[in-house]
Amino acid sequence: MAITLSKGQKVSLTKGNPGLKHIVVGLGWDTNKYDGGFDFDLDSAAFLLGENGKVNVDTDFIFYNNLKHSSGAVEHLGDNLTGEGDGDDEQIKLDLSLVPQNISKIAFTVTIHEAQERRQNFGQVNNSYVRVVNSDTNEELLNYELGEDFSIETAIVVCEIYRHNGEWKFNALGSGFEGGLEALCKNFGVNV
């Protein structure tokens, strides 16, 4: 049975799941009805970070234009342009055994494409969640619903998976940013 987390909670992924290797981080959302005339295009991404909280190289940023990390450890499964339908809107696949040793954490984010031009923000998005699934057994390990804490933000650091004393842990963050993807990239040291 999956563990349901609240903002700020941390849980070990590997302690209760010895040998855990392959996981999928699924992100989902719905948009409120609004008459702005544009679809909502939300984009998930993963930033592979060193001890300093920054990427080592720009290709440690996995998103719709760089779908797979050179190590093979992280793979984005594609961009959903509308968020239509039930279930995960976007997924990122991980092989924990392949994550390079110089990567201490992986931050998972969601941004709104062209948010400023379309006058969109996360106040217009609801039912947002992230879940982690053991892809070898198809068992959902944990689920974190973001709630409705955002009004003007156009980017969210949803969660992070990090190494701690030889284990992989999950941290439910839910930190909002203004400035969209560019702000996130600057925060994590990606050249834009």
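Residues numbered from 1 in each chain as written. Predicted model: local features only at pLDDT ≥ 70, side-chain atom pairs only at ≥ 80, totals over all residues. Heavy atoms only, no water.

The chain carries the name TerD family protein in an unreviewed UniProt entry, which gives Intestinibacter bartlettii as its organism. Annotation of the chain in UniProt includes, under Sequence similarities (unreviewed entry), the sentence "Belongs to the CAPAB/TerDEXZ family." (UniProt positions renumbered as here; feature names shortened; annotations may be inferred.)

## Details of the sheet that holds strand S1 (residues 3-5)
Adjacent strands of a sheet pair through backbone hydrogen bonds, lying either parallel or antiparallel. The six strands lie next to each other as S1-S10-S9-S3-S7-S6, forming an open sheet whose pairing is mixed. In the strand order of this sheet, the two ends are held by S1 and strand S6 (74-76), each with one partner. Within the sheet, the average angular offset between the axes of one strand and its neighbour, ignoring direction, is 20°. When strand S9 (residues 125-134) meets strand S10 (residues 139-145), the two strands line up antiparallel, connected through six bridges. For Asn-134, the partnering residue across the bridge sits in S10 and is Glu-139. (Pairing = 2+ DSSP bridges. Helix = DSSP H or I, 4+ residues; strand = E, 2+ residues; numbered from the N terminus. Axes fitted to C-alpha atoms, helices over the stretch in contact; angles between N-to-C directions.)

## Section: the sheet that holds strand S5 (residues 61-62)
Strands sit in the order S2-S12-S11-S8-S4-S5 across an open sheet of six strands; the sheet is antiparallel. Pairing within the sheet leaves two strands with one partner each, and these edge strands are strand S2 (10-12) and S5. Summarising the sheet, strand S8 (residues 105-112) and strand S11 (residues 155-164) pair through seven bridges and their orientation is antiparallel. Looking across to S11, one finds that Ile-106 is bridged to Ile-161. Against the sheet, helix H2 (residues 180-187) makes contact with strand S4 (42-49), S5, S8, S11 and strand S12 (167-177), and its axis sits at roughly 160° relative to S8, the strand it touches most. (Contact = heavy atoms within 4.5 Å.)

## Observations regarding empty space enclosed by the protein
Throughout the structure, instances matching the rule amount to two cavities of 30 Å³ or more. Considering the residues around the largest cavity, the lining is formed by Leu-27, Gly-28, Trp-29, Leu-42, Val-110, Phe-122, Ser-128, Tyr-129, Leu-146, Ile-156 and Val-158. Within the residue set of the lining of the largest cavity, elements represented by two or more residues are strand S3 (22-31), S9 and S11. With three residues, S3 is the largest single contributor of residues to the lining of the largest cavity. (1 Å grid on protein atoms, 1.4 Å probe; cavity = no way out; pocket = protein on both sides within 12 Å on 5 of 7 lines; lining within 4 Å. Points joined across faces, edges and corners; volume = space filled by probe spheres on them.)

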